[in-house]
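Residues per chain, in single letters:
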Amino acid sequence: MTKAPSLAFLCIQSLKIQLLESDNPIPDLYELPSELLDGIVAHLPALALQKFQTNMPFHCLDSYESGDDCCLITGRKRARNDVLGSSWKLLFKLRWPDFVDRVESPADWQQLYWEKHLQNCVDEAAEVALRPTFSGRICSINVSDNILRYICHEEHIMTCQNCVCKELSFHFQTFGPYLRCLRLLNVLCVTETSELLRTSKLRSLVLRWIRSEKHVEPLCKLLIQSRETLTSLELIHCKLSLSSISAICTSLHEKGIHTTGMQRFCIKTSSIEIDPLAAPSAFVSFLMSVRTLHSLHFGDSNLDRYFARMVFSTLLDSSSNLSSLDLSENNISGWLSTFSCKSVVGSLSSGKSLQSLCKLNLRGNELDRYDAENLAHALLHMPGLESLDLSGNPIEDSGIRSLISYFTKNPDSRLADLNLENCELSCCGVIEFLDTLSMLEKPLKFLSVADNALGRGCSKLFHNLHRVAQYYGYRTRSSRVSCIRQKT
């Protein structure tokens, strides 16, 4: 015989349904004994818990707060047992068990729950909108029962077939304020999306497959709407024309105002189609005026040397505060051809430099020995550079000798991480470079020369490698001469 449910269980089930079906829970609910109320909270599905918390009388807030460290966020005293925070964390763990350990503390589990929930809704809506038969409105797309069952009671889903919570618009209207980070496919770059996100405070936006002008206009509307809070924009697998780049940069930066909070701008695995003789003025203005920009990435974006030169020159002329520049996996050989010893002296005397640049990624750009020579001159404009990736470029021994010249003239260089993998270096060139390293005031923390044809001189190379390693307290890695790392 099936065991009859307890009275407490029946009461909790009844309260779940009431919270899900009503926007105004009965006030007496909050007057229940704390032990009983704690038990109810621990068994509520996400939507019911949200309504319980939203309608909570102010005098109850001292006992119930959301988040593991709510006192750090709200300024109020730490909650008794942090019942709400624990409940939100448990709901998050039950739904996304693999992501709990990735969350840094202190965490607002309520905000994280609804943000990830909305991303699931968006991903599902994109699948629906991509169907050839779809012709409706984005906001009217129904959220599947597979998602609803996590936030509602199963009985509620079955009995309320026309429930408002089934529409995508309900979820953004209700939980939109919790959204900080979002990934969108091109099919959702429509005007409706801006309306759905009007209550959101986006900080990070990732867009994929923006390949026509019809997607750019709605995107720009969303960027303008989010300009006050947005700090990171990433475009992946996109095809961007001159007008598209200009429109996007204009949306991110209002001319004459230098207070935008954009910190990271990234275009990767994309195609940027810009006339090398007609650099978009809006893009140049964006690079020169946005003083908060710290990271600029154009990896694998079909760049040529003219675009790369324009980017670098613009950053240099404006003495940008950029800390990371990634131009990897393009074809920009010759991009620094205007840099010579004479030109560098002239520009340095004018005060132009990239003082804040710490990381420069030039991997896989078909750079040759002449590019390495020009780079050695350009490095003088980057006194704070700590990481340089030149892997996958055929700079040969002549190129590494240009770096030797740089280190010889600048023994106090702050460069600590250098990647020279697959650069067509010989054993002699690497040995000569290691000899130079032994004379530096501040040694490298990481050096990789893997995937170079080092030939028969490996025994002597190993001798030099271990000599440098022992001198500076390094440890060596790999049976092949691949890299040395500083001991921690």
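What counts and how
- Residues numbered from 1 in each chain as written.
- Predicted model: local features only at pLDDT ≥ 70, side-chain atom pairs only at ≥ 80, totals over all residues.
- Heavy atoms only, no water.
- Helix = DSSP H or I, 4+ residues; strand = E, 2+ residues; numbered from the N terminus.
- Buried < 20%, exposed > 50% of the residue type's maximum accessible area, 1.4 Å probe, protein only.
- Contact = heavy atoms within 4.5 Å.
- Areas by Shrake-Rupley, 256 points an atom, 1.4 Å probe, with all protein chains shown as cover.
- Phe/Tyr/Trp six-rings, centres within 6.5 Å; stacked < 30°, edge-to-face > 60°.
- Lys NZ or Arg CZ within 6 Å of the ring centre and 35° of its normal.
- Salt bridge = Lys/Arg side-chain N within 4 Å of Asp/Glu carboxyl O.
- Core = buried A, V, L, I, M, F, W, Y, C linked by side-chain atoms within 4.5 Å.
- Domains from an automatic or database assignment.
- Axes fitted to C-alpha atoms, helices over the stretch in contact; angles between N-to-C directions.
- Parallel < 35°, antiparallel > 145°, perpendicular 65-115°, else oblique.
- Left-handed = near helix turned anticlockwise from the far one by under 90°.
- Nonpolar A, V, L, I, M, F, W, Y, C, P; charged D, E, K, R; others polar.

## Remarks on the overall build of the chain
In terms of regular secondary structure, the chain is built from 19 helices and 14 strands. Looking at the chain residue by residue over its 488 residues, the buried ones come to 52%. Within the chain, contacts between residues separated by at least 24 positions form 76% of all contacts whose residues are at least 6 apart in sequence. Working note: accessible area of the chain is about 23,500 Å², and carbon and sulfur atoms make up 52% of it.

## Quick notes on the packing of aromatic side chains
Evaluation of the coordinates by the stated rule reveals 17 aromatic pairs. Geometrically, the ring pair formed by Phe 298 and Phe 307 is edge-to-face, given 5.6 Å between the ring centres and 80° between the ring planes. A relative accessible area of 0% means that Phe 298 is categorised as buried. We classify Phe 307 as buried; its relative accessible area is 7%. Each ring, one from Tyr 406 and one from Phe 407, has its centre 5.5 Å from the other, and the planes form 65°; the classification is edge-to-face. Taken together, the aromatic side chains of Trp 88, Phe 92, Trp 96, Trp 109, Tyr 113, Trp 114, Phe 170 and Phe 175 make up a single cluster linked through ring pairs. Its end group placed over the ring of Phe 99, Lys 116 keeps NZ or CZ at 3.8 Å from the ring centre. Seen from the ring of Tyr 150, Arg 149 lies directly overhead, with NZ or CZ sitting 4.5 Å from the centre.

## Quick look at helix α3 (residues 46–54)
By the criterion of burial, α3 is predominantly enclosed, with eight of the nine residues buried. All buried positions along α3 are accounted for by Ala 46, Leu 47, Ala 48, Leu 49, Gln 50, Lys 51, Phe 52 and Gln 53.

## Here's the deal with the environment of Ala 450
Within the secondary structure layout, Ala 450 lies in the loop between β12 (446–448) and α19 (458–472). Spatially, the C-alpha atoms of Ala 450 and Asn 422 are 6.5 Å apart, while their sequence positions differ by 28 residues.

## Concerning the pattern of salt bridges
Inspection of the entire model under this criterion finds eleven salt bridges. Close ionic contact of Glu 386 with Arg 414 constitutes a salt bridge, the shortest N to O distance being 3.2 Å. Separated by 28 residues along the polypeptide, Glu 386 in the loop between α16 (369–378) and β10 (387–389) and Arg 414 in the loop between α17 (396–409) and β11 (417–419) bring together distant segments of the chain. Since its relative accessible area comes to 40%, Arg 414 is described here as partly exposed. It is possible to trace a salt-bridge network through shared partners that takes in Glu 234, Arg 264 and Lys 268.

## A look at the nonpolar core
Grouped together as the largest cluster of nonpolar side chains are 139 residues, with contacts concentrated most on Phe 52, Leu 205, Phe 265, Phe 298 and Leu 420. Top element by residues in this core is helix α6 (residues 109–129). It accounts for eleven residues. Two domains each put at least three residues into this core: domain 1 (184–293) and domain 2 (322–339 + 353–487). Dropping the residues within four chain positions of it, Leu 420 is found in contact with Leu 390, Ile 395, Ile 400, Leu 403, Leu 425, Phe 433, Leu 447, Ser 448, Val 449, Ala 450 and Asn 452.

## Some details on the packing of α3 against α6
When two helices pack together, their arrangement is given by the angle between the helix axes and the distance between those axes. As a packed pair, α3 and α6 sit with axes 12 Å apart at the nearest point and diverge in direction by 135°. When the interaxial angle is binned, α3 and α6 end up oblique. Crossing angle aside, the handedness with which α3 passes α6 is left-handed. Contacts between α3 and α6 pair Ala 46, Leu 47, Gln 50 and Gln 53 from the former with Gln 110, Tyr 113 and Trp 114 from the latter. In terms of residue class, the contact of α3 with α6 is made up of four nonpolar, three polar and no charged.

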